[in-house]
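Architecture at a glance
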Amino acid sequence: MTTFSSGFARARRWLREHPLALDASLAFCTLVAMICSSFTDPGDGHGPPAFGVRTPELFSVLLMTLTAAALVLRRRRPMQVLAVTAALAAVEYVLMDPPAPVVMSTVIALYTVASRTDRPTTWRVGLLTMGGLTAVAMVFGSTPWYSQENFGVFAWTGLASAAGDAVRSRRAFVDAIRERAERAERTREEEARRRVAEERLRIARDLHDVVAHHIALVNVQAGVAAHVMDKRPDQAKEALAHVRDASRSALNELRVTVGLLRQQGDPEAPTEPAPGLAVLGELVATFRNAGLPVEVACADRDRLPAAVDLAAYRVIQEALTNVRKHAGAGARAEVSVVRVGATAEVTVLDNGRGSAGRRPGTAPDGGVPGDGDGPAEGGGHGLIGMRERVTALGGALTAGPRYGGGFRVHAILPVEARTGEPERPGTAGGTGLRR
């Protein structure tokens, strides 16, 4: 049974790959069926058909051969094949009595037309073929017009039209389902790529925030240690202790961030929570130890959603890092986090003057301002990262010089985070003077 089924499957696959051979086989089988039927006398309807009672004329055999040969081209020229077979069947009904079953080829040709065209064309062609052949059989046949042979022509041609239309509808339905499945697969792949890109961008922002903050502190404290190493070794030791603490904190946060990239089941998966306003005091202490006076006014820090809490922490961290790097000596900073209705407002102010007039957010070339990670190049990503983080939650961020000196970073975050919403025009805010 298995051998037979596999052989049948191979033969079916071969015939699908060679449609002309399939049509030639169908034409041969149709010719054999027509010739065998031409030897059969249906009788008067009261008894079984008698085989071998009559013999087909040579002209009828020629017409049956021509119509069967035309079926070989039924896929390539369906309308022409139907016209040829219907015309030869009409000739058979007009000239021969009793007629040979040449109409078999017309039935197959009509099925092909119905299965490969639209429904209106099937209705028009089908009704024309059914009515024409039935009328010819009734008018020129020797039997009465109401005989079963005449109505058989009408029934078989009508059945061919209906079957072809049903097959065409099923093929269209299957093709539509397949197209929807392929479209859904493409959409799923695009969605997966989009999510991967968003996750990579989020991790890149986190890495930038961690590295920019802690490495800047390490750089400052290392410079202090090198400057006072010979004259004030106790202060140098204190600066090196701050370097050690900052580097350890950076390593811990990097471990947490990189741990997000681990596969499920990997050992030592991170379990530390993401930083937030609950540890804002520790963050501010690192800047105070680095010589930057910071005043903090923070209310309701424990009532913010996790995404908003993290975004507020990162904005403060990046803004204070920029103050420490660019505000110059003697600068002071102020940090405030307040709830205003359904939003949380984060503000970081400083009174610094900057080293060479170059502060983040004031790029003279008119391009997107950086964070000053490289002042000479202006290619940092601090303000860009803050803006992306804030607008991803549906908030707004503005950053620019203050009137009278200094710099101001102001972020408005919705308490209900709307992660993943497209950026709305105008929510990112500009960088420049805010009066």
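Residues numbered from 1 in each chain as written. Predicted model: local features only at pLDDT ≥ 70, side-chain atom pairs only at ≥ 80, totals over all residues. Heavy atoms only, no water.

Right, let's talk about the overall build of the protein chain for a bit. Within the protein chain, the regular secondary structure consists of eleven helices and seven strands. When each of the 435 residues of the protein chain is scored for burial, the buried share is 37%. Taking as baseline every contact in the protein chain between residues at least 6 positions apart, the subset at least 24 positions apart corresponds to 67%. Surface summary for the protein chain: the accessible area is close to 24800 Å², and the carbon and sulfur share equals 60%. (Helix = DSSP H or I, 4+ residues; strand = E, 2+ residues; numbered from the N terminus. Buried < 20%, exposed > 50% of the residue type's maximum accessible area, 1.4 Å probe, protein only. Contact = heavy atoms within 4.5 Å. Areas by Shrake-Rupley, 256 points an atom, 1.4 Å probe, with all protein chains shown as cover.)

Time to look at the nonpolar core. Nonpolar side chains in soluble globular proteins generally cluster together in the buried interior. Ile-316 and Val-409 are the most contacted members of the largest nonpolar core, which has 39 residues in total. For this core, the secondary-structure elements that each account for two or more residues are helix H7 (148–228), helix H9 (280–289), helix H10 (306–326), strand E4 (333–340), strand E5 (343–350), helix H11 (382–392), strand E6 (396–401) and strand E7 (407–414). In terms of residues, this core owes the most to one element, H10, which gives nine residues. What Val-409 contacts, discounting residues up to four positions off in sequence, is Val-315, Ala-319, Val-346, Thr-347, Val-348, Met-386, Leu-397, Thr-398 and Ala-399. (Core = buried A, V, L, I, M, F, W, Y, C linked by side-chain atoms within 4.5 Å.)

We now examine helix H3 (residues 58–70). A rise of 1.5 Å per residue sets the reference length of H3, with its 13 residues, at 18 Å; its end C-alpha atoms lie 19 Å apart and thus fit the reference within 8%. Considered for burial, the residues of H3 that qualify are Ser-60, Leu-63, Met-64, Thr-67, Ala-68 and Ala-70. Across the axial projection of H3, the buried residues extend over an arc of 160°, all falling on one side. The secondary structure elements touched by the buried residues of H3 are helix H2 (19–38), helix H4 (78–95) and helix H5 (103–116). (Expected span 1.5 Å × (residues − 1). Arc of directions from axis to C-beta.)

Pairing is mixed in the open sheet, where five strands are placed in the order E3-E4-E5-E7-E6. With one partner strand each, in any of the chains shown, strand E3 (294–298) and E6 form the two edges of the open sheet. The sheet shows a mean angle of 10° between the axes of neighbouring strands, direction not considered. Both E5 and E7 contribute to a ladder of eight bridges, which runs antiparallel. In the sheet register, Val-348 faces E7, and the bridge partner there is Val-409. Along the sheet face, H11 touches E6 and E7 and points at about 155° away from the line of E6. (Pairing = 2+ DSSP bridges. Axes fitted to C-alpha atoms, helices over the stretch in contact; angles between N-to-C directions.)

Taken together, the six bridges between E6 and E7 define a ladder with antiparallel strand orientation. If you follow Thr-398 over to E7, its bridge partner there is His-410. Linking E6 back to E7 in an antiparallel pair, the connection comprises five residues, with Gly-404 at a positive phi of about 95°.

Turning our eyes to something else, we now look at the pattern of salt bridges. It is possible for side chains bearing opposite charge to pair when their charged atoms get close. For the structure shown, the criterion picks out eleven salt bridges. For the salt bridge of Arg-188 with Glu-185, the shortest nitrogen-to-oxygen distance reads 2.4 Å. With Arg-188 and Glu-185 both in helix H7 and three residues apart, the pair spans about one turn of that helix. In this structure Glu-185 comes out as partly exposed when scored by relative accessible area, which is 38%. Across the salt bridge formed by Glu-191 and Arg-194, the nearest N and O atoms sit 2.5 Å from each other. (Salt bridge = Lys/Arg side-chain N within 4 Å of Asp/Glu carboxyl O.)

This part takes up the environment of Leu-71. Looking at where Leu-71 falls in the secondary structure, it is placed in the loop between H3 and H4. Here Leu-71 falls in the buried class, since its relative accessible area comes to 0%. Residues in contact with Leu-71, not counting those within four places in the same chain, are Asp-23, Ala-27, Thr-30, Val-81, Ser-105, Ile-108 and Ala-109.

The subject of this paragraph is the confidence of the model for the protein chain. The predicted model of the protein chain has a mean per-residue pLDDT of 76, with 77% of residues at 70 or higher. Across the protein chain, E7 holds the top mean pLDDT of 92, while strand E2 (residues 50–51) sits lowest at 60. Ignoring residues within four places in sequence, the model shows residues 355–380, a span with pLDDT below 50, making 52 contacts including any to other chains. (pLDDT = per-residue confidence, 0-100.)

Attention shifts here to the packing of H10 against H11. Helix-helix packing is described using two parameters, namely the angle between the two axes and the distance between the axes. Put simply, H10 and H11 touch, their axes get as near as 10 Å, and they point 165° apart. When the axis of H10 is compared with that of H11, the two are roughly antiparallel. As for the relative orientation of H10 and H11, their crossing is left-handed in sense. The segment H10 lies against H11, with Leu-310, Ala-311, Arg-314, Val-315, Glu-318 and Ala-319 engaging Gly-382, Met-386, Arg-389 and Val-390. Its residues placed into classes, the contact of H10 with H11 shows six nonpolar, one polar and three charged. (Parallel < 35°, antiparallel > 145°, perpendicular 65-115°, else oblique. Left-handed = near helix turned anticlockwise from the far one by under 90°. Nonpolar A, V, L, I, M, F, W, Y, C, P; charged D, E, K, R; others polar.)

Here we take up a nonpolar patch on the surface. Residues Phe-59, Leu-62, Leu-66, Val-91, Val-94, Leu-95, Val-139 and Phe-140 make up a contiguous nonpolar surface patch of roughly 700 Å² in combined accessible area. Listing elements by their share of the nonpolar patch, those giving two or more residues are H3, H4 and helix H6 (119–140). Under the relative-accessibility criterion, Phe-59 is labelled partly exposed at 34%. (Patch = residues over 30% accessible without salt bridge, like charges linked within 9 Å, V, L, I, M, F, W, Y side chains within 5 Å.)

For H5, spanning 14 residues, the distance from its first C-alpha to its last is 20 Å, which sits close to the expected 20 Å at 1.5 Å a residue. Of all 14 residues in H5, eleven are buried, a share of seventy percent or more. For H5, the full list of buried residues reads Val-103, Ser-105, Thr-106, Val-107, Ile-108, Ala-109, Leu-110, Thr-112, Val-113, Ala-114 and Ser-115.

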